[in-house]
Every structure is written in C-alpha cells, then in structure tokens.
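# Per-entry structural report
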Protein chains: 2
Amino acid sequence: MRTISENRAFGGVQGVYTHASDACGCDMTFGLFLPEEAQLGAVPVLWYLSGLACTHENAMVKAGAQGWAAEQGIALVFPDTSPRGDGVADDPAFDLGQGAGFYVNATQAPWAPHYRMWDYITEELPRVLFNAFPVDEARQAITGHSMGGHGALTVAMAFPGRFASVSAFAPIANPTASDWGRKQFSAYLGPDEGKWAAHDATLMMRKRGFDGPLLIDQGTSDEFLDLLKPEALAEAMAHRRQPGILRMQKGYGHSYFFIASFMEDHVNFHASALLG
Amino acid sequence: MRTISENRAFGGVQGVYTHASDACGCDMTFGLFLPEEAQLGAVPVLWYLSGLACTHENAMVKAGAQGWAAEQGIALVFPDTSPRGDGVADDPAFDLGQGAGFYVNATQAPWAPHYRMWDYITEELPRVLFNAFPVDEARQAITGHSMGGHGALTVAMAFPGRFASVSAFAPIANPTASDWGRKQFSAYLGPDEGKWAAHDATLMMRKRGFDGPLLIDQGTSDEFLDLLKPEALAEAMAHRRQPGILRMQKGYGHSYFFIASFMEDHVNFHASALLG
C-alpha cells in the first residue's frame, strides 16, 4: 500500500492510499479520515459509498463529513466506485464502466475480469483497512449517495450483523425497475433478472430488511427522482414494518449541496448506533 | 357555551366546554388548553383529533401535550370524535356510531341526522373557538391519532392554506382499502365508493398532497398495522415527492404510551411551522 497524501484535518488525518487489488485486478485508491481518537486505539468507522462518475475524492472534499466525524470520534472511509486503468474495460457513457461499478461482481464480457466491486467493498478493502489502520471491525456503519446509496443499502442488508446502522442520500432504490440499474445489471450480470435481485434495495427490503436503525434522505426536487424510485422503497419499508426514517426534503436536488446539508444528521445518526 | 371545568396547567389553563352544535344536532364537548401567552393576545393553535372510542378527554389526559405546548406558547384543542346522546344513533361495535364518527358527514340512515363530524371540525367548532377564545385563526396546525390521524390528514389536504403543518400518529392511512374504513364509509356514506375518496389520506395524497411540512410516526409493533396500511401512504408520499417525514418507530404499539413518547417531537414540529 502506498500513501498518496495525508493532511491534518479537524484534529485528525485525512489520508489517501493506493493498493494493488486482487478483487479488481488493478490498483485501487481510497480515502480514509481518522479522527484524533485513533491515536489512542481503534475507532468506529462509517463507510461512504459514492455515486456515478465519482472517485474516492468527491465525498472526501465536498460532503463536509469530517468535521462531524471528528466530533464523534468516528473514522470515514471513501472507496472508489469502480476499477480503473488502461487495461480496464470502459464505456463512453458516464453510467457504465469506469466510475459506474454499481457495487456488483460482473459475470459478463468485457466486464468480468475487473468489475468485482462487491468483493472489493465487502471483503478486500475491509481486510486492508482493519489490518493497516486503527479502525474497529466490530463497530461499522454504512452510507452512500445515489449509486452509493444503492450500494450501502444492499451491502448492509446482505451482511446482517456487520453494520450497526445504514443510511442513504437519494439512493437508487429500485434499480431492477429503473434505467439506472437495468442497463448496468444487463451489462454486468447478464439477462437473467433472477441474478439482479440481490442488488436491489427494494427487493432486499421486501425479502429480509435491515436489523438496525435506517435513515434515508431524498430531495423532492431531485432531478433524477424518476430513476431513483423512492416510492418503491418507501412502500417496501412500511410494508415490512422496517424501523427507519424516510425524509422527503423539500426543494433539495441530487448534488453534494444536498448531501452536505444533511451530513451532520447522518453522522450523528450513525454515531448514536456505533457509540450508544 | 358552558364551562365544564377549567384547571390551571403548565402556567396556562386546561378547559372543557360544552356547546349546542348545529352541525351535529346535539351538545358537543371539547377540551382547550390555552398557554400563558393567551393572556396577552391570540396564540397559534394545534388541533388534536382523537381515535376510535375516544372522547375529548383521552388525549387531554394521556398524551402529555400540554407541557410542550406551554413551552411553545401554543393552544391545543381536543374535539370529541362523534355526536353523542340518547337521541343519537349508535351501534354495539366500538368502531361504528358513537365514538367513531370518522370525520365525515353521513348521508345514510340512521346516521345522517347527527353524524356530521366533517362540518363540525372544519366549520362549526372553528367558529366557536375563534369567536370565544384568544386563538389565532391565521396560525393553525393539525394532528391526530389513528382515526384522528386519518381525520387530520384528510382535513389538512382538503383545506389548502388553512394549516401550516400536519402530523399524525399511526393514522388510518388508506381506509378505502381497510376494514377500518370500508365498514364505516359503507354505513355513513353509502355504497358509492367514489364518495369515499375525499376521506382517504392515501388517495388525497395521490391527488393533491399537502403544501407544508408533514410528519408521520408509526410504531412497528402496532397491533393494528394491517388495518392502518402505512405502506400505501408511504408509497403515495414518495411518489408524489411530498415533502415530509415518515418514521417507523421500532417496537412501539398503538397506545397513548406511543403518542406520549413522540408528542414533544410533534409539538415542536408544528411550533416550527407556526412560529418560524
């Protein structure tokens, strides 16, 4: 692993690191914020999964999360959203290929050799983190935005007991019924829709739900609402009697200004589950 | 109008009053809490509509609302849930007849002569209140529980501009699709389901929504969840992009212990809209 940068931030350190990834067959870069408390021992960690066209960097510089995490003594990890590099398949569209891994393991050509973001996020990067940094594997929470909200919800529901809490900002909530999902799942996973279901938060909510606190924020003026389909997840949550909070935030769009506006609430929400 | 009782409470006065109701053709009783600020001038008012089998008294004595309302300087009005008296039609069931007015104007025998709770709540009682007490007609909000949550939501959506905010505790959210609704609407309104739609919060949400803040709390262990159908309203809210918050509260049931647990949040939510 190679240190790209380390900057003092809010009493702690905002680092960027690169490592050779077996899962993705390429170098992968991630951001990690460690609060001051990490000097004394392992701290809880909040995963932040980013959206389409983002790298590890977008949330790290625009979400305004570090100050709130520092107040709570929580680490933040910002993974990349796909494999990258000259030898990695890509597509001219912003919503397929590099920057658009959709947090699945691709089984179809030309994506299968590198696009294994599910394994990367759920197996390989956790091992890297917990081996190299003072971060407590027993105290994890997860959030994300848009495609990353989809990732956070599906990963959290797929690993009961791993995450104390889950939240999402404007998640792609029902990708098997959306052009943000059907296109990518067709490309990465093939035409058998039965294989898509494990990567759809609404279908996962109907099937198993999440055993812990759940918070979702969605802007009512989000320019992608028709692709995000919060109504399907809302119905599934309430129908399942899933404990949780869904907030439809008047006038907010899909941007990082929306995320930053409610980041304090999300960090404090997770802190309550991680530290309470 | 006759004063039944007036008790000092939280620096203000909790009163109970009876008046001859033209709408209901009988005497009607209501509770009114006036905070200390009402001595100086008209104060904002939060309506609380009660659920099945309740009178004006249940929320007044069990919801714990007065202390929070006093802190905010807001009046609370607690209407009864139906016409009452020896000459008023009734039914042996707890969910039809006296105590179960469902906030509609009945058109069918034997209910039509007295069961006009829609007119009572939306026209007659407001006139009584605003003429006799220092309560500000320009600053109203509304909430309610179960059948009263149904009433609060449908009344709020039916009168755009009248209420600054609306909330509900475990509302009967989709009565046209529930045994809490179909039975009563059949009896009071007759078999034409087209006449039921104006009294169904989910259908109203699909059709027009609410122009202001909205908050709904629902316990996940509510013993009547299958009759309340929060999933239908959740879907309608998110689909409409209605600004609002839906909270599925883990482990809470349908009782006043649930209401009291979250009354502070609801009073403060309405205060923010009324005073902000």
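Residues numbered from 1 in each chain as written. Chains lettered and ligands numbered in written order. Predicted model: local features only at pLDDT ≥ 70, side-chain atom pairs only at ≥ 80, totals over all residues. Heavy atoms only, no water.

## Quick notes on the overall build of chain A
- Scanning chain A from N- to C-terminus turns up 9 helices and 9 strands.
- Relative to a compact globule of 276 residues, whose C-alpha radius of gyration would be 19 Å, chain A shows 17 Å and is just as compact.
- Referenced to the eigenvectors of the C-alpha coordinate spread, the extents of chain A come out at roughly 50 × 45 × 35 Å.
- Relative to its 276 residues, chain A shows a buried fraction of 63%.
- Put simply, of all contacts in chain A between residues at least 6 apart along the chain, 72% involve residues at least 24 apart.
- Between the mean site of the 19 positive side-chain charges and the mean site of the 30 negative ones, chain A shows a separation of 6 Å. (Helix = DSSP H or I, 4+ residues; strand = E, 2+ residues; numbered from the N terminus. Rg over C-alpha atoms; globule rule 2.2 N^0.38 Å. Buried < 20%, exposed > 50% of the residue type's maximum accessible area, 1.4 Å probe, protein only. Contact = heavy atoms within 4.5 Å. Lys, Arg positive; Asp, Glu negative; His and termini not counted. Charge placed at Lys NZ, Arg CZ, Asp CG, Glu CD.)

## Here's the deal with the side chain of Gln242 of chain B
- Within the secondary structure, Gln242 of chain B is located in the loop between α8 (230-240) and β9 (244-249).
- In this structure Gln242 of chain B comes out as buried when scored by relative accessible area, which is 2%.

## Section: the nonpolar core
- Within the largest apolar cluster, 188 residues are counted, with the highest numbers of intra-cluster contacts made by Phe30 and Tyr188 of chain A together with Phe30 and Tyr188 of chain B.
- Once you skip the residues sitting within four places of it in the chain, Tyr188 of chain B turns out to touch Leu96, Gly97, Ala100, Gly101, Phe102, Val104, Ala106, Thr107, Gln108, Trp111 and Tyr115 of chain B. (Core = buried A, V, L, I, M, F, W, Y, C linked by side-chain atoms within 4.5 Å.)

## Let's talk about the packing of aromatic side chains
- With the rule as written, the count across this model stands at 30 aromatic pairs over all chains.
- Here Tyr17 of chain A and Phe133 of chain A contribute two aromatic rings whose centre-to-centre distance is 4.9 Å and whose plane-to-plane angle is 55°, an arrangement assigned as tilted. Here Tyr17 of chain A is found in strand β2 (residues 12-21), whereas its partner Phe133 of chain A is found in the loop between α3 (117-132) and β6 (135-144), with 116 residues between them in sequence.
- A relative accessible area of 4% places Tyr17 of chain A in the buried class.
- Residue class for Phe133 of chain A comes out buried when judged on its relative accessible area of 12%.
- Between Trp118 of chain B and Phe159 of chain B, the aromatic rings sit 6.1 Å apart at their centres with planes inclined by 25°, giving stacked as the arrangement. One end of the pair, Trp118 of chain B, is in helix α3 (residues 117-132); the other, Phe159 of chain B, is in the loop between α4 (147-158) and β7 (163-169), with 41 residues separating them in the sequence. (Phe/Tyr/Trp six-rings, centres within 6.5 Å; stacked < 30°, edge-to-face > 60°.)

## Regarding the relation of the copies chain A and chain B
- With an RMSD of 0.0 Å, chain A superimposes on chain B once it is rotated by 180° and translated 0.0 Å along the axis. Between the two chains, the operation in question is that of a two-fold axis. Among all residues of chain A, the one whose C-alpha sits closest to the rotation axis is Glu235 of chain A, at a distance of 2.3 Å.
- Take the interface residues of chain A: 100% of them recur as interface residues in chain B, which is what a same-surface contact looks like. (Least-squares fit on C-alpha atoms with pLDDT ≥ 70 in both.)

## As for the environment of Ser178 of chain B
All names here are of chain B.
- Along the chain, Ser178 turns up in the loop between β7 and α5 (179-189).
- Among the residues examined, Ser178 registers a relative accessible area of 2% and is labelled buried.
- As for Ser178 and Val135, which are separated by 43 residues in sequence, their C-alpha atoms are 36 Å apart.
- If we skip the residues at most four places from it in the chain, Ser178 touches Leu227 and Lys229.
- Of note is the side chain of Ser178, whose polar atom sits 2.7 Å from the backbone oxygen of Leu227. (Polar contact = N/O pair within 3.5 Å; in protein donor to acceptor, adjacent residues only side chain to side chain.)

## Considerations on the interface of chain A and chain B
- In this assembly, 20 residues from chain A lie in contact with 20 residues from chain B.
- Of the roughly 1800 Å² buried between chain A and chain B on both sides combined, carbon and sulfur atoms contribute 63%.
- Among the residues chain A hides against chain B, the three largest losses belong to Glu231, Arg241 and Met248 of chain A. Together they make up 37% of the total.
- Summed over the shared surface of chain A and chain B, the result is 5 salt bridges.
- We note a salt bridge from Lys250 of chain A to Asp211 of chain B, for which the minimum N-O separation is 4.0 Å.
- Linking chain A to chain B there are 8 residue pairs in polar contact (both at pLDDT 80 or more). (Buried area = accessible area lost by both parts, 1.4 Å probe. Salt bridge = Lys/Arg side-chain N within 4 Å of Asp/Glu carboxyl O.)

## What about unusual backbone geometry?
Residues and elements named next belong to chain A.
- Put simply, Ala109 and Pro110 share a cis peptide bond, and its omega is -5°.
- Note that Pro110 resides in the loop between β5 (75-78) and α3.
- In this structure, Lys229 is a non-glycine residue whose phi angle is positive, near 60°.
- Here Lys229 lies in the loop between α7 (225-228) and α8 (230-240).

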